[in-house]
Structure formats: C-alpha cells, structure tokens
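Structural description and commentary
Each chain, written out:
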Amino acid sequence: MNRIDPVKTACCGCGACASVCPKGAITMEADDEGFRYPSVDEALCVNCGLCVKACSIGKEKPAHTFEQQYFAAQHKDDDTVMQSSSGGIASALAAEVVKNGGAVYGAGFEAGFEVRHSRADVLSETLRFRGSKYVQSDLAQTMQEVEEDLRGGREVLFTGTPCQVHGLLLYLRAKRVPEDTLVTCDFVCHGVGSLQVWEDYVSLLATRHGSLDRYNFRGKEAGWHKSYPAIQAGSQNVSEKYKEKESFFRMYSSSVITRPSCYQCAYTSYERCADLTLADFWNIDKAAPAMNDDRGTSQVLVNSEKGAALFARVRGAAVTQECSKEDVWQLHLEFPTQSPKNREVFWKAYASQPFEQVLLRYGKHSFTAKCRRKLMPVVNKLGLYTLAGKLYKIVFVREKKQ
Ligand SMILES: Cc1cc2nc3c(=O)[nH]c(=O)nc-3n(C[C@H](O)[C@H](O)[C@H](O)COP(=O)(O)OP(=O)(O)OC[C@H]3O[C@@H](n4cnc5c(N)ncnc54)[C@H](O)[C@@H]3O)c2cc1C
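Quick summary incoming for the structure in this document. (Residues numbered from 1 in each chain as written. Predicted model: local features only at pLDDT ≥ 70, side-chain atom pairs only at ≥ 80, totals over all residues. Heavy atoms only, no water.)

Taken as a whole and judged by the stated rule, the model has 25 salt bridges. We note a salt bridge from Asp-121 to Arg-119, for which the minimum N-O separation is 3.0 Å. When its relative accessible area of 28% is taken as the criterion, Asp-121 is described as partly exposed. Where Arg-218 meets Asp-280, a salt bridge forms, and the shortest distance between an N and an O atom there is 2.8 Å. Placement of Arg-218 in strand β8 (residues 212–219) and of Asp-280 in strand β11 (residues 276–280) is noted, with a sequence separation of 62 residues between them. Look at Arg-218 and you get buried, because its relative accessible area is 5%. Under the relative-accessibility criterion, Asp-280 is labelled buried at 14%. Sharing partners across several salt bridges, the network here consists of Glu-96, Lys-99, Glu-155 and Arg-313. (Salt bridge = Lys/Arg side-chain N within 4 Å of Asp/Glu carboxyl O. Buried < 20%, exposed > 50% of the residue type's maximum accessible area, 1.4 Å probe, protein only. Helix = DSSP H or I, 4+ residues; strand = E, 2+ residues; numbered from the N terminus.)

This brings us to the side chain of Thr-337. Structurally, Thr-337 can be placed in the loop between β13 (318–323) and α13 (343–352). Thr-337 gets classed as buried once you look at its relative accessible area, which sits at 4%. Looking at Thr-337, its side chain comes within polar contact range of the main-chain oxygen of His-190, at 2.3 Å. A distance of 3.5 Å separates the side chain of Thr-337 from the side chain of His-332, its partner in a polar contact. For Thr-337, the contacting residues outside a window of four places in its chain are His-190, Ser-255, Cys-262, Tyr-263 and His-332. (Polar contact = N/O pair within 3.5 Å; in protein donor to acceptor, adjacent residues only side chain to side chain. Contact = heavy atoms within 4.5 Å.)

For the rest of this paragraph, the subject is a nonpolar patch on the surface. Where nonpolar side chains cluster on the molecular surface, the patch consists of Val-378, Leu-382, Leu-384, Leu-387, Leu-391, Ile-394, Val-395 and Phe-396 and spans about 820 Å² of accessible area. Among the elements that make up the nonpolar patch, the one with the highest residue count is helix α16 (residues 385–396) (five residues). Within the element layout of this structure, Leu-391 appears in helix α16. With a relative accessible area of 48%, Leu-391 lands in the partly exposed category. (Patch = residues over 30% accessible without salt bridge, like charges linked within 9 Å, V, L, I, M, F, W, Y side chains within 5 Å. Areas by Shrake-Rupley, 256 points an atom, 1.4 Å probe, with all protein chains shown as cover.)

What follows is the structure, encoded as structure tokens:
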C-alpha cells in the first residue's frame, strides 16, 4: 500500500498529503478534539505514493550548511510593536516582501475568528497576520497557491509553525517546484491549541456580550512581560474584565488543549527547516538589557543564506543587536511541551459538560501558574531566564524527545 496511514501522536495536521494528492482522495477531517487528520477515500486513491513523499513523519529535516546567527530585534514603529506578539519582526519581513512585488502567506483571523492561512500581496493585507493566534491554522489551499507563485518566479514569504514549513517543503519537493524565490519563516513553538475549543470560546464571548469584535491573544497594555488578551466585545473594551477571569489562553498555556503530536515535536531544536526563526526574547535582560522597554523584543535565528539576505533587507526598519546561541536558548529550542497529567480528564469533561463549566474549571490559573506568572518577570529581570529554564527541565521534563 503506497498511501499514508498516520498515527495521531505523529501527524501534525499540516495537510501536505491532502494538498499533493492529484485525485483529491485525501481530505482533512477534525476529530473529537477538533484537530484535523487526513482521511483517504480508497475508491479515489490510485496508490501513486505522492502523499507518502509529502508526509513529514519520520523524514529527515532539510539541513542548512549556513552558520546560524542570532539577533535581538525590535521594529522601529511603535504601533507595529504594540500590535505584534514580540518585536514585530514578522511584520517587517512581510512589508519588505510585498514592497518588492512578492507574496506573503500567513495566519489571520477570518470571519467568526476562524484561524486560516491566506495570501497577501499588498501591505494592508499583511496586517491580518500580525499577532500570534495560539491555535492550529488551517492551511486550506496555501500549498497550491505557493506553488503557483513560485512557478511564476515570484518572491514568496511563507510564515507558519515549524511543522507547516517542513510540510510545505516536502510538498514542493514532491512536485518538483523551484524554490529559489521562496523564503520560509517559522517560530519557536509551544504547540498549537484546539480550533474547536477556540470556536467554543469565541461563541461564548459573543453570547455573553452580543458580539466579539476584536481579539488579540497578547495585548500589551500592562507590558509585554505581563501581557493578557485584548478583547473588544459588544462594542466595548472588555479586556480588563477578563484579565483575572477564566480564559482560553490559560487553557492553552497549561497545554491541555495542545495537539497530541506537539508533545513529540521533532522541531524543538536549533536545527530548523525554515530560513528564519522568530520567538519572544524572554532572556533579553541578560542578552541585550538596553533593548528591553517591555513593549516586546523578538529573537531572530538566521538559519540560511536566504534568511540572511531577507533579514539584511529589513534591518533598517528595526533596532537589532547580534547575540550568542546561549542568549537565545529557550525551552522549545530543546524539548517539546509536556503532556499534562490531567489531559485525559480535561477531554472527558469537555465531552460531557457544558463548555462554560469546563472553562471555569480549566481556564483559571493554577496556584503554580500564578506563582510562575509573578516570579518570571523578576527572574527575567535578574537575567536568570536560562538558568530557570534549565532547572525546570531537570525537575519537570519527564520524557526525552525521540
Ligand atoms: C502557536 C504558537 C506558539 C508559539 N510558541 C512560542 C514559544 O513557545 N516561545 C516563543 O518564544 N515564541 C512562541 N511563539 C512565537 C511568538 O508568539 C511570536 O509570534 C514571535 O515571537 C514573532 O513575533 P513578532 O512580533 O515578530 O510577530 P507577530 O506579529 O507576533 O507574529 C505574526 C506571525 O506569526 C504567524 N502566525 C500567527 N499565528 C499563527 C498560527 N496559529 N499558525 C501559524 N503561524 C502563525 C503569522 O503568519 C505571522 O507571520 C508562538 C507562536 C504561535 C502562533
């Protein structure tokens, strides 16, 4: 049998298999937790094996020969920084590519706050990509659209999770698409949250307030280190009201709603598939203290020549400082998110209880999380982020990545 048959703990749901299938025999279908997995229509399948080629499970990551470089970076434009999750470097990259006639692919909110990848080739359209959405984005037709742009010789910037980047590269290689004009950008990733739980949360907020108008997972009103969701609902700013209340982001942070494959993530290392990697620079107080104004600083890993060339083009729009490999160390550059002990209990409750009840129980900060939230800004300020992370690893990390 020359077709995919992925196991749930390994399939990242990138959809490369469905995108590459010439017969449309594979569809991505959501399971009870709301994560999409491929489903093969055997009547349509011709056993061509393209889906196996495009599937990242067990495949070697493409290696870069480039000597990796590390930077702290913050966009010079205040509004861009405030609307972005860290230092706004994703926006600088997107702006540069569209300015030169290229196309950018990223994750944005669609109607009803559905999180989906789409294409932008003018600046105004790239703005919807701004800000992290901590749920799994639907790539929809993105891989085919990227292929079309690349075959037309257009510069393309694809931004997404590390596994989406790997999926896209395998798709392009399976279809022998020229990649010279493609630049990929991923981020250090904690894991993706369930889209179904996100949809439930969106409906709950809309019901409570009459409408949900705007949602930013990482509002910076209280600063980057103490960010909390910025919410506009029923035409009012209700962020303050939700600051200490139960929230989706807390369920996400506790990892109960994380995709199963994320607990085994193969991309939590310095070896990246993407040309550039972005992240929050939590160790900024040690690495480049003068750059920490609590509005957010990005860490940038430059992984390839293509990445270096694009980053060089945007450096004028940002304040940057070169750093060391140790400076940018963070948990998910070394090991994946741990599956919490209460994951199974959570999903049982989710299946059997009204959503609001589940949210009240699991969307609150635990005592440990409250302490961590209070302690971490102090630990960071003292320049002890890396030490704290490494201690966390010794005490809490149960399974080693395979
Ligand atoms: C699910 C998720 C987990 C993350 N985990 C960590 C982590 O553990 N540690 C860490 O330091 N940083 C993490 N980040 C990255 C961090 O939140 C910032 O996005 C990153 O630092 C870039 O910030 P920025 O200010 O340059 O750009 P921003 O404007 O904040 O980022 C926007 C970019 O992210 C992309 N994007 C947003 N949401 C998604 C999504 N759901 N799927 C795919 N692409 C998306 C957009 O296409 C755009 O290119 C995570 C981001 C996401 C989406």
